[in-house]
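The chain contents come next:
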Amino acid sequence: MELAVISGKGGTGKSSVTAAFATLGEKLVVADCDVDAANLYLLFNPEHDTEKVYIGGHKAAVDHTLCAVCGICESYCRFDAIREEEGKIVISETSCDGCFFCSRICPMDAISMVRSDKSRMYSGSFRNGMMVYGRLAPGEENSGKLVSMVRDEAKRVAAEKGMKTILLDGPPGIGCPVISTVTGVDRIVIVTEPTMSGLADLKRVHEVARKFTSEVGVIINKSDLNEAMADRIEGWCAAQGSTLLGRLPFDRRVTDAMVAGRSVVEMYPDTEISKAINRIWNKFLANGKE
């Protein structure tokens with residue numbers, strides 16, 4: 001069973017909730033699909049049993065022994081990635097879109113396309129099972145392909161280790177990486193916060209999630225910071241026919257636990273928030289939706 005935890009915006013506490021789910025006792029596979037800003041590995045410190053190169057695209061490179069500095073490539077580059085400096089053609093790696101056009105029009109065949117191979121996917125064991133995550137190199141485009149690579153590896157590891165549950169920590173928003181995360185999953189949990197922007201983004205991501213599965217639940221994190229807005233979100237969930245899995249209170253010990261390299265349920269199991277997370281896991285994720 002694949003369970004995806006996503007959010008409509010960053011900063012809702014999605015990864016904190018995922019980390020808590022991942023350390024409730026059951027051995028499972030955790031996949032951090034937020035490859036632009038993977039952070040669960042900082043908390044779980046997994047072993048790196050497997051490392052694979054991810055080719056995210058190509059970048060243009062100039063052979064100055066062949067280049068005639070004619071300027072044709074510079075005049076046609078729509079991304080302003082090419083300029084002449086001190087009598088040489090220089091191509092900016094961060095600005096280059098890898099479109100291949102300059103390499104095709106260069107009359108001297110001085111421009112070649114080099115594979116972008118700085119991104120990585122890792123997998124290995126952590127204290128409560130196995131973990132897979134990707135790290136996209138700075139400036140690399142995230143089209144969702146690395147997310148798919150992470151998910152494929154997670155499925156392979158789960159089958160190899162005989163683990164029945166795959167927990168996906170998805171990226172925020174509604175873009176291609178989110179689509180890659182939720183496609184084909186069994187259940188989706190959306191973590192939101194009691195603010196106007198939280199509700200607005202919840203509506204967007206909820207619309208996307210419902211296109212992939214009817215098993216969609218909502219968690220309101222830090223709900224006691226704005227009870228009126230939390231009530232409004234709960235009413236909206238009821239109107240949509242979606243399950244409100246629960247409300248989690250604001251608790252500074254969540255951050256304290258993360259600083260110590262633990263989840264809140266590991267370090268503070270008797271707190272209200274840890275008990276609430278346990279109830280959510282047992283009700284919706286572990287035993288089925290009620």
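The present account deals with the structure reproduced in this document. Keep in mind the model is a prediction, meaning the values are calculated, not measured.

## Some words on the side chain of K222
Right, so step 1: Here K222 lies in the loop between β12 (216-221) and α8 (227-240).
Right, so step 2: Taking relative accessible area as the criterion, K222 reaches 18% and is therefore assigned buried.
Right, so step 3: There is a polar contact of 3.2 Å between the side chain of K222 and the backbone oxygen of G11.
Right, so step 4: For K222, the contacting residues outside a window of four places in its chain are G11, T12, E193, P194, L248, P249 and F250.

## Details of the environment of F126
Right, so step 1: Position of F126 among the secondary structure elements: in strand β8 (residues 119-126).
Right, so step 2: In the structure, F126 is positioned 97 residues away from V29 in sequence and 9.3 Å away in space, judged by C-alpha atoms.
Right, so step 3: When sequence neighbours within four positions are dropped, the list of residues in contact with F126 reads A22, L28, V30, F44, P46 and M131.

## Side note on helix α7 (residues 196-209)
Right, so step 1: Between its terminal C-alpha atoms α7 stretches 20 Å, which fits the 20 Å expected from 14 residues at 1.5 Å a residue.
Right, so step 2: Along α7, the positions that sit buried rather than exposed are G198, L199, D201, L202, V205, H206, V208 and A209.
Right, so step 3: Against the buried residues of α7 lie β1 (2-7), α6 (176-182), β11 (187-192), β12 and α8.

## A closer look at unusual backbone geometry
Right, so step 1: Although it is not a glycine, D109 adopts a positive phi angle of roughly 55 degrees.
Right, so step 2: Residue classification places D109 among the exposed residues on the basis of a relative accessible area of 60%.

## Quick word on empty space enclosed by the protein
Right, so step 1: Across all of its chains, the model carries 1 cavity of 30 Å³ or more by this definition.
Right, so step 2: Taken together, V62, C67, A68, V69, C70, G71, C73, I89, C106, A110 and I111 make up the lining of the largest cavity.

## Things to note about the sheet that holds strand β9 (residues 129-135)
Right, so step 1: The mixed open sheet is built from 9 strands, whose spatial order is β3-β8-β9-β2-β10-β1-β11-β12-β13. Two strands close off the open sheet at either side, each with one partner strand: β3 (50-54) and β13 (243-248). Averaged over all neighbouring strand pairs, the angle between strand axes comes to 20 degrees, with direction disregarded.
Right, so step 2: Looking at chain direction, β12 and β13 are connected through 5 bridges and run parallel. By the bridge assignment for β13, G217 is matched with T243.
Right, so step 3: Across the sheet, helix α5 (residues 145-161) lies against β1, β2 (28-32), β3, β8, β9 and β10 (166-172), angled at about 165 degrees from β9, the strand it touches most.
Right, so step 4: Across the face of the sheet, α8 comes into contact with β11, β12 and β13 while running at roughly 165 degrees to β13.

## So, the nonpolar core
Here is a general trend for soluble globular proteins: nonpolar side chains tend to be buried in one another's company.
Right, so step 1: Judged by nonpolar contacts, the single largest core of 37 residues is most densely connected at V29, I188 and I190.
Right, so step 2: Per element, the largest residue contribution to this core is 6 residues, and it comes from α5.
Right, so step 3: When neighbours within four sequence positions are excluded, I190 is seen to be in contact with I6, S7, L202, V205, H206, A209, V216, G217, V218 and I219.
Right, so step 4: In this structure, A19, A38, V254 and W281 belong to the second largest nonpolar core, which totals 33 residues.

## Some details on the packing of α7 against α8
Packed helices, taken two at a time, are described by the angle between their axes plus the distance between the axes.
Right, so step 1: Across the interface, α7 lies against α8 with an axial gap of 10 Å and an inter-helix angle of 20 degrees. The orientation of α7 with respect to α8, classified from their angle, is roughly parallel. For the crossing formed where α7 meets α8, the hand is right-handed. Residues M196, L199, L202, K203 and H206 of α7 form the contact with α8, whose participating residues are M229, R232, I233, W236 and Q240.
Right, so step 2: Per-class residue counts for the contact of α7 with α8 are 6 nonpolar, 2 polar and 2 charged.

## What to know about the pattern of salt bridges
Right, so step 1: Taken as a whole and judged by the stated rule, the model has 18 salt bridges.
Right, so step 2: Between R83 and E85 there is a salt bridge, with the nearest N and O atoms lying 2.4 Å from each other.
Right, so step 3: Note that E193 and K222 form a salt bridge whose closest N and O atoms lie 3.4 Å from each other. Taken as a pair, E193 in the loop between β11 and α7 and K222 in the loop between β12 and α8 lie far apart in primary sequence, 29 residues in all.
Right, so step 4: Classification of E193 by relative accessible area gives buried; the value is 11%.
Right, so step 5: One salt-bridge network, in which partners are shared between bridges, spans K52, E153, R156, E160 and K161.

Cut-offs and rules
- Residues numbered from 1 in each chain as written.
- Predicted model: local features only at pLDDT ≥ 70, side-chain atom pairs only at ≥ 80, totals over all residues.
- Heavy atoms only, no water.
- Helix = DSSP H or I, 4+ residues; strand = E, 2+ residues; numbered from the N terminus.
- Buried < 20%, exposed > 50% of the residue type's maximum accessible area, 1.4 Å probe, protein only.
- Polar contact = N/O pair within 3.5 Å; in protein donor to acceptor, adjacent residues only side chain to side chain.
- Contact = heavy atoms within 4.5 Å.
- Expected span 1.5 Å × (residues − 1).
- 1 Å grid on protein atoms, 1.4 Å probe; cavity = no way out; pocket = protein on both sides within 12 Å on 5 of 7 lines; lining within 4 Å.
- Points joined across faces, edges and corners; volume = space filled by probe spheres on them.
- Pairing = 2+ DSSP bridges.
- Axes fitted to C-alpha atoms, helices over the stretch in contact; angles between N-to-C directions.
- Core = buried A, V, L, I, M, F, W, Y, C linked by side-chain atoms within 4.5 Å.
- Parallel < 35°, antiparallel > 145°, perpendicular 65-115°, else oblique.
- Left-handed = near helix turned anticlockwise from the far one by under 90°.
- Nonpolar A, V, L, I, M, F, W, Y, C, P; charged D, E, K, R; others polar.
- Salt bridge = Lys/Arg side-chain N within 4 Å of Asp/Glu carboxyl O.

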